[in-house]
There are 2 protein chains.
Amino acid sequence: MKNILIIGAGKSSSYLIKYLLEKSYDENLFLTIGDISINLADKLINNHENAKSVVFDVFNAEQRKEFIQKSDIVISMLPARFHIEVAKDCINYHRNMVTASYVSKEMKTLDEAAKQKGLIIMNEIGVDPGIDHMSAMQVIDRIRENDAKILLFESFTGGLIAPESDDNLWNYKFTWNPRNVVLAGQGGAAKFIQEGTYKYIPYHKLFRRTEFLNINGSGKFEAYANRDSLKYRSVYGLDDIPTMYRGTIRKVGFSRAWNIFIQLGMTDDSYTIENSFNMSYRDFVNLFLAYSPSDSVELKLRSYLKIDQDDVMWEKLVELDIFSDTKKIGIENATPAQGLQKILSDSWTLKDDDKDMIVMQHLFGYEINGEKRQIESSLVVIGEDQTYTAMAKTVGLPVGIAALKILKKEIKTIGVQIPIAKEIYKPILDELAENGIQFTERKVPYLGYNPQSVNG
Amino acid sequence: MKNILIIGAGKSSSYLIKYLLEKSYDENLFLTIGDISINLADKLINNHENAKSVVFDVFNAEQRKEFIQKSDIVISMLPARFHIEVAKDCINYHRNMVTASYVSKEMKTLDEAAKQKGLIIMNEIGVDPGIDHMSAMQVIDRIRENDAKILLFESFTGGLIAPESDDNLWNYKFTWNPRNVVLAGQGGAAKFIQEGTYKYIPYHKLFRRTEFLNINGSGKFEAYANRDSLKYRSVYGLDDIPTMYRGTIRKVGFSRAWNIFIQLGMTDDSYTIENSFNMSYRDFVNLFLAYSPSDSVELKLRSYLKIDQDDVMWEKLVELDIFSDTKKIGIENATPAQGLQKILSDSWTLKDDDKDMIVMQHLFGYEINGEKRQIESSLVVIGEDQTYTAMAKTVGLPVGIAALKILKKEIKTIGVQIPIAKEIYKPILDELAENGIQFTERKVPYLGYNPQSVNG
């Protein structure tokens, strides 16, 4: 029997464990699932005979080393900052490792050691990053094999609420870590390049500079730019590409309303506010408005941000009950971002039967024989329930498939890496398609940035 | 003879050196003026017999220790981050020290050692911080001595161009470090309290939330909030004061136009832009606008920020020649802030006969015998020329006066400190007044934040 150690039994592990348990009979697998909370692990194992749970503390070096030595491969589903010690042990004890997280600088430094020992440390093999890399590279490689010149690559991903559960004015609920949603876009200007012209958007304008996109069968969406699209030029081997843009998808109208919170300063996580515990939502909003005791919070906000009374943005604020003078923040020494997250959680927490949705779209513009063409490749995945979400499926399934293929030596590329080699993405995308994670590709007119083609 | 070591012969040292040289005969002083550039020091010494210049490198520990040991007191006019090593040596070798900079955390940790050795490490004794502390504390102490309750303290300072040299649409030139002007307000939300209500302004709204103020004889000004007004409550012993606000003064209309640069993202100093050296001002502006090659940079900017074509803000941009396609940034790997600074420097650099101006105003609201009153205290200082500027005078003179009084043991309070004790501020303010740095005080109606009194 092959032993697989899975560290972390949180939201993103459900589908991974389900997949590997389904494969456990044919492939002769045994899973050891470690988490600080054994209940989480037990729930996902559901008494399956080919798995056991253990209380696992990643900071306990002795236990970590012991379990890594007892395994044939290690999958870390912990938050990214916890991977590095696991990775070092994996290298020490000659074990391959898989994570869905971005390669950290520290992780990168292990590349040589991994290669010397012939080990695979596979990262960024969830959904974004992960499926985005693999599905993009598949089309990029195909275009390049035809000796075409790639002119444009735009890529958009979003974790949203499924249409059947979409019942608020924001067309949004927290389907993943709410904190990341509140802080999205912070930490530096967004950077991208369009037809050879560099563009930089500061955070406070990010949600006012969205792009629209259409996903066949799912309608119109918008996307705000991710922080650094430029670095993906070298990642994808597209160093001289004139247009490179990556963005995050929301339903149309979300960003314009979200911008209210940014303008007010409510997404700031860098300082704590005084007396936050007993503060009403109304007083919280008032922290960010001019002092004028004879004017209402509502009027001050509308005047400050120039919101018409019949603007749907206003209805969105009212829907959140953000002007309530009875609801309390209830957090000691809250940052503005924590206060906002509390208010949003009242309205944006999934109901028991709500389902989530992952949407992704790539645009590839290229020139072949003097003719400009464009391919649009789109993916929509709807979650099953609140355990087997679209997010858990699109993160966990590629992780599980990769781990199994590494274990079976079908994936052989060694080193600290991300899944951009054909040897890796091809079989994984094929198996994802068998599991309903399949891109729809179509040819569209080459768009470019000529206003006539924009209108046309 | 008493030896005074002055480290740093930059812009802010001119008046300090002039003052101490004037006193050198009566007080038996000899100045050693150290700077990396001996020319700067020589120019300010101007062959005076009671001073000598030395090439001085603050990072040369041996030289630093040697000169500190040879002095009776040390004045550091270097940028704040260079003070700490000087301060440690001063404590080791039993020397008093004076700086015009904010007390850093590291500097604060030397307090106990300074006290044990009976030493004075006087900081924040320039203009802002410095004269603001002293002039505020003088009035605050007087009000408290009358058993009145202080309700409000607002304090504003600005380094501006003198009216006779004010010849551009911005009513502004660089009279001090241009980099600090471009980066002003960054690094966290502005925090203050008004009638017991905390207020927080994010950077991208800071210049749209200005307050107006009138300075008798000098007209109307505006001020944007400083980063942390709250901490001054404890500094001034006003922990329970309901209104505490500190701001930076500009001429009316500056902030509204400056906000354009913030909105565009041009004041960002956190990343470098590609190909900046040969970039025209026009292309620089275009980095921050949507990609649309068939539209002009001008129209894109006006549309993005909703600027009417006949708005004076527009004229301000045109005056800077910011849309020039021939003028170049000329800096390798420039940050946006560095690029903007270059553009502004073309227009905002002082002409040979330009003079600068320091303006300061404090408002003190208080209640005595059930009656609310307000005192307005204002200072205007005009520079003499480009060496003996108002900034150099208001920074250097209090430093020089303090150093001399410490040397003569007229100031006795020991420890790492700022000038808020009466023993310190009283004689210094008196001598500043003799030198033309004198506040004008008048009683005004208590304003508060009632709209009727605002209109009244």
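Because the structure is predicted, anything quoted here is derived from the model rather than measured. (Residues numbered from 1 in each chain as written. Chains lettered and ligands numbered in written order. Predicted model: local features only at pLDDT ≥ 70, side-chain atom pairs only at ≥ 80, totals over all residues. Heavy atoms only, no water.)

1. Details of the packing of aromatic side chains
All names here are of chain B. Tallied over the full model, the rule gives 50 aromatic pairs over all chains. Sitting above the plane of the Tyr388 ring, Lys18 keeps its charged end 5.0 Å from the centroid. Arg302 extends its terminal NZ or CZ atom over the ring of Trp314, reaching a point 4.6 Å from the ring centre. (Phe/Tyr/Trp six-rings, centres within 6.5 Å; stacked < 30°, edge-to-face > 60°. Lys NZ or Arg CZ within 6 Å of the ring centre and 35° of its normal.)

2. A short note on the confidence of the model for chain A
Overall, the predicted model of chain A reaches an average pLDDT of 95, with 98% of residues at or above 70. The ipTM, which scores confidence in the relative placement of chains, is 0.88 for this predicted complex, and the corresponding pTM is 0.91. (pLDDT = per-residue confidence, 0-100.)

3. Considering the relation of the copies chain A and chain B
After a rotation of 180 degrees and a shift along the axis of 0.2 Å, chain A superposes on chain B with an RMSD of 0.1 Å. Classification of the inter-copy transformation places it as that of a two-fold axis. Measuring from the rotation axis to each C-alpha of chain A, the shortest distance belongs to His204(A), at 3.3 Å. (Least-squares fit on C-alpha atoms with pLDDT ≥ 70 in both.)

4. Side note on helix H11 (residues 254-264) of chain A
Spacing of three or four residues puts side chains on the same side of an α-helix, whose turn is 3.6 residues. All names here are of chain A. Among the 11 residues in H11, 10 count as buried, and that is most of the element. Those residues of H11 lying buried are Phe254, Ser255, Ala257, Trp258, Asn259, Ile260, Phe261, Ile262, Gln263 and Leu264. One or two residues past the end of H11 sits Gly265, with phi positive at roughly 95 degrees. (Buried < 20%, exposed > 50% of the residue type's maximum accessible area, 1.4 Å probe, protein only. Helix = DSSP H or I, 4+ residues; strand = E, 2+ residues; numbered from the N terminus.)

5. Considerations on the sheet that holds strand E5 (residues 96-99) of chain A
All names here are of chain A. As summarised here, the arrangement of the seven strands in space is E3-E2-E1-E4-E5-E6-E15, forming an open sheet in which the pairing is parallel. In this open sheet, the two strands that pair with only one neighbour each are strand E3 (51-55) and strand E15 (415-417). Sheet twist, expressed as the average angle between the axes of neighbouring strands with direction ignored, equals 15 degrees. Across four bridges, the pairing between strand E4 (residues 73-76) and E5 is parallel. Residue pairing across strands places Val74 opposite Met97, the latter belonging to E5. Set on the sheet, helix H3 (residues 61-70) makes contact with strand E1 (2-7), strand E2 (29-35), E3 and E4; between it and E1 the angle comes to about 145 degrees. (Pairing = 2+ DSSP bridges. Axes fitted to C-alpha atoms, helices over the stretch in contact; angles between N-to-C directions. Contact = heavy atoms within 4.5 Å.)

6. Things to note about the interface of chain A and chain B
Tallying the contact residues gives 37 residues for chain A and 37 residues for chain B. The contact between chain A and chain B buries some 3200 Å² in all, and 55% of this surface belongs to carbon and sulfur atoms. If you sort the residues of chain A by the area they bury against chain B, Tyr200(A), His204(A) and Tyr291(A) come out on top, with a joint share of 23%. Across the chain A-chain B interface, the total number found is zero salt bridges. (Buried area = accessible area lost by both parts, 1.4 Å probe. Salt bridge = Lys/Arg side-chain N within 4 Å of Asp/Glu carboxyl O.)

7. Observations regarding unusual backbone geometry
In the segment running from Asp128(A) into Pro129(A), the intervening peptide bond is cis, with an omega of 15 degrees. Summarising the element assignment, Pro129(A) is placed in the loop between strand E6 (120-122) and helix H7 (131-145). Positive phi, close to 65 degrees, is recorded for Asn47(B), a residue that is not glycine. Within the secondary structure, Asn47(B) is located in the loop between helix H2 (38-45) and strand E3 (51-55). Even without glycine at this site, Lys306(B) takes up a positive phi of about 55 degrees. With respect to the helices and strands, the residue Lys306(B) is situated in the loop between helix H13 (297-305) and helix H14 (312-319). Classification of Lys306(B) by relative accessible area gives exposed; the value is 74%.

8. So, the environment of Ser347(A)
Residues and elements named next belong to chain A. Among the structural elements, Ser347 can be located in helix H15 (residues 336-348). Owing to a relative accessible area of 25%, Ser347 belongs among the partly exposed residues under this scheme. As a C-alpha pair, Ser347 and Asp321 span 26 residues in sequence and 8.7 Å in three-dimensional space. In contact with Ser347, not counting residues within four places along its chain, are Asn168, Glu319 and Leu320.

9. Quick notes on the domain arrangement of chain A
In many reports, interface size means the accessible area that the parts give up when they come together. Residues and elements named next belong to chain A. Taken as a whole, chain A is organised into domain 1 (2-122) and domain 2 (131-257 + 352-455). With centres defined by C-alpha atoms, the gap from domain 1 to domain 2 works out at 27 Å. Taken together, the contact between domain 1 and domain 2 spans 35 residues of the former and 30 residues of the latter. Taken over both partners, the interface formed by domain 1 and domain 2 buries close to 2900 Å², and the fraction arising from carbon and sulfur atoms is 73%. Its largest share of buried area at the contact with domain 2, domain 1 owes to Tyr15, Tyr19 and Met122, together 26% of the area lost on that side. Applying the counting criterion to the domain 1 and domain 2 interface returns three salt bridges. (Domains from an automatic or database assignment.)

10. A look at the packing of H3(A) against helix H4 (residues 83-92) of chain A
Residues and elements named next belong to chain A. Across the interface, H3 lies against H4 with an axial gap of 10 Å and an inter-helix angle of 50 degrees. With respect to H4, the element H3 is oriented oblique. The hand of the H3/H4 crossing is right-handed. Across from Arg64, Lys65 and Ile68 in H3, the residues of H4 making contact are Glu85, Val86, Asp89 and Cys90. Across the contact of H3 with H4, the residue classes tally to three nonpolar, no polar and four charged. (Parallel < 35°, antiparallel > 145°, perpendicular 65-115°, else oblique. Left-handed = near helix turned anticlockwise from the far one by under 90°. Nonpolar A, V, L, I, M, F, W, Y, C, P; charged D, E, K, R; others polar.)

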